[in-house]
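Structural overview for review
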Amino acid sequence: MNKYTLVTVLVLVCTCFSTHAQRRGTYTLLQAGGIFGVATSADQSVMHGYQFQFAFGRNFYDRMYLGLGVGNDVYRGSATLGDGSRSTRRVNTLPIYADFRVPVAEVSALGAFGVLANAGYAPSIGADFFRGFTARAGITYGHMLIGGSDLLFSTGYGFQQFDSRFAGNSFYQHSVFLTVGLFVH
């Protein structure tokens with residue numbers, strides 16, 4: 001692991017766990033959902049899949065959230081082999097990303113809309129995991145559950161670059177995502 005990445009993670013963790021009087025200074029997000037491929041590079045077919053994400057970070061008085069996240073994205077699609085036959089392929093990524101969220105408007109006493117933005121990189125962990133840049137932007141709806149926790153629905157646009165160090169090919173995909181999760185702030 002790059003020493004600058006380690007220092008950045010350590011600084012984020014240290015700043016995320018400071019507390020304020022009567023106010024939680026951190027947030028935690030656990031969510032899962034679907035990925036629906038829209039467009040891809042010319043020589044690849046569109047892939048669909050699912051994702052799991054965990055993020056934690058700093059809560060700035062419930063006006064802005066900034067943190068660090070890790071996910072597991074699994075894409076499935078069909079591919080044409082060299083002999084012309086079709087095969088199902090599975091592509092995995094393990095993105096590490098910066099997470100940014102801002103509440104925009106309260107719909108009611110129990111619900112609020114917000115915006116999100118994520119950007120990061122998925123390192124290659126082995127033959128089964130592809131590396132590459134990832135970015136997501138979208139809108140969220142949080143429905144308050146109990147004392148500082150929300151049921152969070154998110155939808156938006158995502159971009160993922162896939163680069164395999166073993167196969168030597170690189171491609172990208174644009175997608176739409178839809179997730180549901182628990183947001184504790």
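Before reading further, recall that the structure is shown in the block above.
Just so we're clear, the structure is a prediction, and the values are computed from it rather than from any experiment. (Residues numbered from 1 in each chain as written. Predicted model: local features only at pLDDT ≥ 70, side-chain atom pairs only at ≥ 80, totals over all residues. Heavy atoms only, no water.)

1. As for the pattern of salt bridges
Considering all chains together, one arrives at three salt bridges under this definition. The salt bridge partner of D99 is R101, with a shortest N-O separation of 2.9 Å. (Salt bridge = Lys/Arg side-chain N within 4 Å of Asp/Glu carboxyl O.)

2. Considerations on the pairing of strand β8 (residues 149–163)
As judged from the eleven bridges shared by strand β7 (residues 132–144) and β8, these two strands associate in the antiparallel manner. By the bridge assignment, T140 is partnered in β8 with S154. The turn linking β7 back onto β8 is made up of four residues, and G147 within it adopts a positive phi angle of 30 degrees. Examined bridge by bridge, β8 and strand β9 (residues 170–184) share 15 bridges and lie antiparallel to one another. Directly across from Q161, in β9, lies its bridge partner Y172. (Pairing = 2+ DSSP bridges. Helix = DSSP H or I, 4+ residues; strand = E, 2+ residues; numbered from the N terminus.)

3. Points about the side chain of R136
Mapped onto the fold, R136 is located in strand β7. Of the residues examined, R136 reaches a relative accessible area of 9% and is grouped as buried. Within the structure, the side chain of R136 is placed 2.9 Å from the side chain of Q51, a separation counted as a polar contact. Here R136 is in contact with I35, Q51, Q53, D73, Y75, L116, A117, N118, Y157, G158 and F177, once residues within four sequence places are set aside. (Buried < 20%, exposed > 50% of the residue type's maximum accessible area, 1.4 Å probe, protein only. Polar contact = N/O pair within 3.5 Å; in protein donor to acceptor, adjacent residues only side chain to side chain. Contact = heavy atoms within 4.5 Å.)

4. Considerations on a nonpolar patch on the surface
There is a patch of nonpolar side chains on the surface, built from L145, I146, L151, F153, V180 and L182 and spanning about 530 Å² of accessible area. Among the secondary structure elements, V180 is positioned in strand β9. Judged by its relative accessible area of 39%, V180 is partly exposed. (Patch = residues over 30% accessible without salt bridge, like charges linked within 9 Å, V, L, I, M, F, W, Y side chains within 5 Å. Areas by Shrake-Rupley, 256 points an atom, 1.4 Å probe, with all protein chains shown as cover.)

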